[in-house]
Amino acid sequence: MTLFEPAACQVDVAAGTMSGATGRYQKRLADLVGLYADDAAFQAALSMSNNPVVYDVADFRPSAKSGDLIFGITRMSPGLIGEEFYLTRGHIHAVADRPEIYYGQAGQGLMLMESPDGETRVVEMQAQTICYVPPYWIHRSVNTGTTDFVMVFSYPADSGQDYGIIEKSSGMRHRVLRGGPNGWQLAENKDYQPRSSAAIAAVMTS
Ligand SMILES: [Fe+2]
């Protein structure tokens, strides 16, 4: 058996990137159409800007084997669409029992999590906060600050991402809006469609 070579990636907190990445992608505002409550504000933001980058990701993927790890860094820009903070698309792992760790590097934000049966949990993140996303939780990052929100992450290499689970429910159950004692507050997503017991069971056995 040929062993995979050890690797080191240097995190650049200020730039929100790391060296040695094997993959990178970015999401601009136009890529996130339909995710925000206020569509008029979304269209206005798009027309008044040059389609800004909302977040970018650089990762290191040694393999896709079950015992391996993917790790990387994500940088989210600060911003609001109406009263709703910039967010990532969000997903559940395609192999739903795979967990994830996020490690805050800079800025202020949240990990917004939702169980298949619609429970919401929030972990507030800042530099040096480690967030454990347990198996089976849908997760999305939100920048609630006024500067870049940067986190390092790691998850099992065979996890995969299922973005459809959020789309099928017309979003996550809660939105994150400006307000509240810490600068953010949860609001019910009026379009939210709870999952059927069959859909929940399908996730829990995947
Ligand atoms: Fe994930």
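Residues numbered from 1 in each chain as written. Predicted model: local features only at pLDDT ≥ 70, side-chain atom pairs only at ≥ 80, totals over all residues. Heavy atoms only, no water.

Topic: the side chain of T129
So, point 1. Within the secondary structure, T129 is located in the loop between β10 (120-125) and β11 (130-133).
So, point 2. Excluding residues within four positions of it along the chain, T129 makes contact with Y102, Y103, G104 and E124. (Helix = DSSP H or I, 4+ residues; strand = E, 2+ residues; numbered from the N terminus. Contact = heavy atoms within 4.5 Å.)

Quick notes on the sheet that holds strand β3 (residues 23-28)
So, point 1. Taken together, 6 strands build an open sheet; the order of strands is β3-β4-β5-β13-β8-β11 and the sheet is antiparallel. Of all strands in the sheet, those with a lone pairing partner are β3 and β11, marking the two edges. Strand after strand, the sheet turns through a mean of 20° between neighbouring axes, direction not considered.
So, point 2. Examined bridge by bridge, strand β8 (residues 100-106) and β11 share 4 bridges and lie antiparallel to one another. Among the inter-strand pairings, I101 is bridged to a residue of β11, identified as Y132. (Pairing = 2+ DSSP bridges. Axes fitted to C-alpha atoms, helices over the stretch in contact; angles between N-to-C directions.)

Some thoughts on the sheet that holds β10
So, point 1. Read across the open sheet, the 3 strands follow the order β10-β9-β12; overall the sheet is antiparallel. Unpaired on one side and paired on the other, β10 and β12 (138-143) mark the two borders of the sheet. Between one strand and the next, the sheet's axes are offset by a mean angle of 20°, whatever the strand orientation.
So, point 2. Here 6 bridges tie strand β9 (residues 109-114) to β12, and the two strands are oriented antiparallel to one another. For E114, the partnering residue across the bridge sits in β12 and is I138.

Things to note about the coordination of the iron ion
So, point 1. Binding of the iron ion to the protein goes through H91 (NE2), H93 (NE2), E100 (OE) and H139 (NE2), at separations of 2.0 to 2.3 Å.
So, point 2. Metal-centred angles of 83 to 166° between the 4 donor atoms at the iron ion mark the site as irregular.
So, point 3. Sequence positions of the residues that donate to the iron ion give the spacing H-x1-H-x6-E-x38-H. The residues H93 and E100 share a single accessibility class, namely buried. (Donors = N, O, S within 2.8 Å, 3.2 Å for Na, K, Ca; no water. Tetrahedral: all angles 85-135°; square planar, octahedral: opposite > 155°, others 65-115°. Buried < 20%, exposed > 50% of the residue type's maximum accessible area, 1.4 Å probe, protein only.)

What to know about the UniProt feature "domain: Glucose-6-phosphate isomerase prokaryote" (unreviewed entry) in the protein
So, point 1. Residues given the UniProt feature "domain: Glucose-6-phosphate isomerase prokaryote" (unreviewed entry) here are residues 26-187.
So, point 2. Between the end C-alpha atoms of residues 26-187 the distance is 27 Å, and the span holds 9% helix and 43% strand. (UniProt positions renumbered as here; feature names shortened; annotations may be inferred.)

Examining helix α1 (residues 39-47)
So, point 1. Three or more residues of α1 are buried, namely A41, F42 and A45. Down the axis, α1 shows its buried residues gathered within 105° of arc, on one side only. Exposed residues on α1 whose side chains face more than 90 degrees from its buried face are A40 and S47.
So, point 2. Lining the buried residues of α1 we find β6 (80-81).
So, point 3. In this structure D38 caps α1, since a side-chain oxygen of it lies 3.3 Å from the backbone nitrogen of A40. (Arc of directions from axis to C-beta. Polar contact = N/O pair within 3.5 Å; in protein donor to acceptor, adjacent residues only side chain to side chain.)

Looking at unusual backbone geometry
So, point 1. Within the chain, N51 stands out as a residue other than glycine whose phi angle is a positive 50°.
So, point 2. By the element assignment, N51 lies in the loop between α1 and β4 (53-60).
So, point 3. A relative accessible area of 23% places N51 in the partly exposed class.
So, point 4. One non-glycine residue, Y136, lies in the positive phi region at around 80°.
So, point 5. As for its placement among the helices and strands, Y136 is situated in the loop between β11 and β12.

Let's talk about the packing of aromatic side chains
So, point 1. Scanning the entire structure with this criterion turns up 4 aromatic pairs.
So, point 2. Centroid distance Y36 to F42: 6.0 Å. Interplanar angle 25°. Geometry classified as stacked. When sorted by exposure, Y36 lands in the same class as F42, which is buried.
So, point 3. Residues F153 and Y155 carry aromatic rings whose centres are separated by 5.9 Å and whose planes lie at 20° to one another, so their mutual orientation is stacked.
So, point 4. The class for F153 is buried, based on a relative accessible area of 6%.
So, point 5. Owing to a relative accessible area of 5%, Y155 belongs among the buried residues under this scheme. (Phe/Tyr/Trp six-rings, centres within 6.5 Å; stacked < 30°, edge-to-face > 60°.)

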